[in-house]
Amino acid sequence: MSDRLGGALARKPLHFIFVLDVSGSMLRGGRIQALNNAITEVLPHLKDEARANPHAELLVRVLAFANEPQWIIEEPTPVDQIHWKRLEAVPRGFTELGSALQTLAEALDHLDESNSAFPPAIILVSDGRPTQSSGISFAEGLQTLLNNRWGATAVRLALGVGRDADMHSMRRFIGDEDVPLLRADNPEQLVEYIVWASKAASKVASRPVVGPGSGVNAAPPSPIGDPIWSTLG
């Protein structure tokens, strides 16, 4: 029922997309286990954010990538209906981020073409340097994403895992020097940073103005614990 007739205002869709690295290097140091724990822990926070926001319907999707991208949750799913199934890393798997971004752009093509949805929030998590065995470079995949209306206006955040994460590529993915670029050096940091990034992205994406300079400038949590991934993997 519309507000004109005295009913509740419709909630606009807010698409929240995790792009998660499951390459072979995520097997080192318990990284894939930490990533699964982090996603499991962030879901209750997203549910709280969804309940607290009367204007947005938070819909979650998850895209994993190694040798090729694979949708773990392909259909936009209300966050309170998500039942997380733990990811497995691909032994000796590459980091085909360019292909993943192209797949993401293709999915965004099918979003509502009207103005009835908030721009999406996208969180990228990776522990390595993008490879190109699929023939699609990181630069090509990123440009395809940025050529997409929703990809260009999305709130894009990125989190590197360990010292081998290519922070330069992640900065290019974010596209805004004022947005914090995070690197987790241990499992505790990974959980803290994903929770922070998810809450920040959902808040900013549901504001009237998003994109570069959109206001993701709150300070992330201070580093906690010893940097075991910097020293062991």
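Residues numbered from 1 in each chain as written. Predicted model: local features only at pLDDT ≥ 70, side-chain atom pairs only at ≥ 80, totals over all residues. Heavy atoms only, no water.

Engineer: A description of the overall build of the protein should follow, citing residues and the corresponding values.
Structural biologist: For the protein, the count of helices and strands is 7 helices and 6 strands. Counting from the amino terminus, the protein carries its helices and strands in the arrangement β-α-β-β-α-β-α-α-β-α-β-α-α. Residues classed as buried in the protein amount to 54% of the 233 residues present. Across the protein, contacts joining residues at least 24 apart in sequence account for 77% of those joining residues at least 6 apart. Carbon and sulfur atoms form 51% of the exposed surface of the protein, whose accessible area is close to 10800 Å². (Helix = DSSP H or I, 4+ residues; strand = E, 2+ residues; numbered from the N terminus. Buried < 20%, exposed > 50% of the residue type's maximum accessible area, 1.4 Å probe, protein only. Contact = heavy atoms within 4.5 Å. Areas by Shrake-Rupley, 256 points an atom, 1.4 Å probe, with all protein chains shown as cover.)

Engineer: Describe in detail the packing of aromatic side chains, supporting the description with residues and values.
Structural biologist: What describes a pair of aromatic rings is the distance from one ring centre to the other and the angle between the planes of the rings. The full count for this structure, using the stated rule, is 1 aromatic pair. Judged by centre distance (5.2 Å) and plane angle (55 degrees), the rings of Phe16 and Phe18 are tilted. The ring of Phe118 is capped by Lys12, whose NZ or CZ atom sits 4.5 Å from the centre of that ring. Geometry around Trp150 places Arg149 over its ring, the cationic atom sitting 4.2 Å from the centre. (Phe/Tyr/Trp six-rings, centres within 6.5 Å; stacked < 30°, edge-to-face > 60°. Lys NZ or Arg CZ within 6 Å of the ring centre and 35° of its normal.)

Engineer: So, the sheet that holds strand β5 (residues 155–161): which residues are in play, and what are the values?
Structural biologist: Pairing is mixed in the open sheet, where 6 strands are placed in the order β3-β2-β1-β4-β5-β6. The strands lining the two open edges of the sheet, one partner per strand, are β3 (69–78) and β6 (182–184). Averaged over all adjacent pairs, the angle separating strand axes in this sheet is 15 degrees, with direction ignored. Pairing between strand β1 (residues 12–21) and strand β4 (residues 118–126): 6 bridges, direction parallel. Its bridge partner lying in β4, Ile17 is registered against Ile122. (Pairing = 2+ DSSP bridges. Axes fitted to C-alpha atoms, helices over the stretch in contact; angles between N-to-C directions.)

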